[in-house]
Amino acid sequence: MNRRTLLPLVPFGVLLGAMAQAAPVHQHGRAEAALVVEGDSLTLSFRAPLMDIVGAERSPADTAERERYRERMAKVTAPRPAEAAGCELKAERVSGLAELFPEGHDPADHDHGDRHAHHQDLEATWTYQCDHIAELDAVTWPFLADFSSLTTEVILLLPSGQGARTLNPGHTRLTLE
């Protein structure tokens with residue numbers, strides 16, 4: 001079920017800048033997302049603890065585990081805006097396994113004194129160009145079905161105002177009405 005909360009009006013650039021610079025909260029079982037409409041452009045972002053995506057936050061122990069991580073991370077695919085909005089995916093960026101855990105990198109080189117120092121997050125951003133943005137009434141995040149333990153908090157920046165919604169575990173469709 002979606003929960004709706006209104007936020008005070010915040011200038012678009014200020015909010016995006018703050019989101020980009022803020023340190024991730026990193027709470028297992030909780031993901032953060034944003035949905036931004038600016039003109040005919042729709043930008044969606046998603047961030048979740050790697051533990052909730054691959055089941056660990058450490059470097060893969062061997063080739064088989066590296067492949068399992070890669071398969072799980074590949075499930076994070078582009079959300080689907082409502083078909084009536086006529087949106088076409090123009091740009092996509094999803095954290096890659098090599099980015100998070102470069103091959104040949106020795107995890108023993110790190111100081112393990114701070115138990116939070118090695119928390120990893122998967123981050124993704126998708127940008128769409130929409131022919132009928134006014135018809136955008138929902139976005140489906142199909143990959144959330146694969147990670148059904150996640151509660152996803154979504155910040156909304158829409159022409160009609162700002163807000164927030166919660167996608168509870170098992171829910172993949174975010175309504176904007």
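See above for the structure.
Residues numbered from 1 in each chain as written. Predicted model: local features only at pLDDT ≥ 70, side-chain atom pairs only at ≥ 80, totals over all residues. Heavy atoms only, no water.

Before we move on, could you go through helix H3 (residues 63-73) and cite the residues and values that matter?
Inspection of H3 places Glu65, Arg66, Tyr69 and Met73 among the buried residues, and these make up the whole buried set. One face of H3 carries all of its buried residues, which in axial projection span an arc of 105°. Across H3 from its buried face, at more than 90 degrees, point the exposed residues Thr63 and Ala64. Where H3 is buried, its residues contact helix H2 (50-54), helix H4 (97-100) and strand E6 (121-130). The N-capping residue of H3, defined by a side-chain oxygen 3.2 Å from the backbone nitrogen of Ala64, is Asp62. (Buried < 20%, exposed > 50% of the residue type's maximum accessible area, 1.4 Å probe, protein only. Helix = DSSP H or I, 4+ residues; strand = E, 2+ residues; numbered from the N terminus. Arc of directions from axis to C-beta. Contact = heavy atoms within 4.5 Å. Polar contact = N/O pair within 3.5 Å; in protein donor to acceptor, adjacent residues only side chain to side chain.)

Outline the packing of aromatic side chains, supporting the account with residue identities and numerical values.
Throughout the structure, instances matching the rule amount to 5 aromatic pairs. On the basis of an interplanar angle of 75° and a centroid distance of 4.9 Å, the ring pair of Phe46 and Phe143 is categorised as edge-to-face. Taken together, the residues span a long stretch of sequence, with Phe46 in strand E3 (residues 41-49) and Phe143 in the loop between strand E7 (138-140) and strand E8 (151-158) at a distance of 97 residues. Assessed through its relative accessible area of 2%, Phe46 is described here as buried. Ring geometry for Trp126 versus Phe143: centroids 6.0 Å apart, planes at 35°, classification tilted. Remark: Phe143 occurs in the loop between E7 and E8 and Trp126 occurs in strand E6; sequence separation between them is 17 residues. Of the two residues examined, Trp126 and Phe143, each falls in the buried class. A network of ring pairs unites the aromatic residues Phe46, Trp126, Trp141 and Phe143 as a single cluster. (Phe/Tyr/Trp six-rings, centres within 6.5 Å; stacked < 30°, edge-to-face > 60°.)

Give a detailed account of the sheet that holds strand E4 (residues 80-81), specifying residues and quantitative values.
A sheet is described by the order of its strands in space; here 3 strands give the open sequence E4-E7-E10, paired in antiparallel fashion. Across the chains shown, the open sheet's two edge strands, defined by having one partner strand only, are E4 and strand E10 (173-175). In this sheet, E10 lies alongside E7 in antiparallel orientation, the contact comprising 3 bridges. Across the sheet, residue Ala138 finds its bridge partner in E10, namely Thr175. (Pairing = 2+ DSSP bridges.)

Break down the state of the cysteines for me, citing the residues and quoting the values.
In this structure the tally under the stated criterion is 1 disulfide. One disulfide in the model links Cys87 with Cys130; its S-S distance is 2.1 Å. Every disulfide takes its handedness from the sign of the S-S torsion; for Cys87 and Cys130 that torsion is 105°, giving right-handed. In this pair, Cys87 is assigned in strand E5 (residues 87-94) and Cys130 in strand E6, connecting sequence segments 43 residues apart. With relative accessibility at 22%, the residue Cys87 sits in the partly exposed group. Overall, the relative accessible area of 2% leaves Cys130 in the buried class. (Disulfide = S-S within 2.5 Å.)

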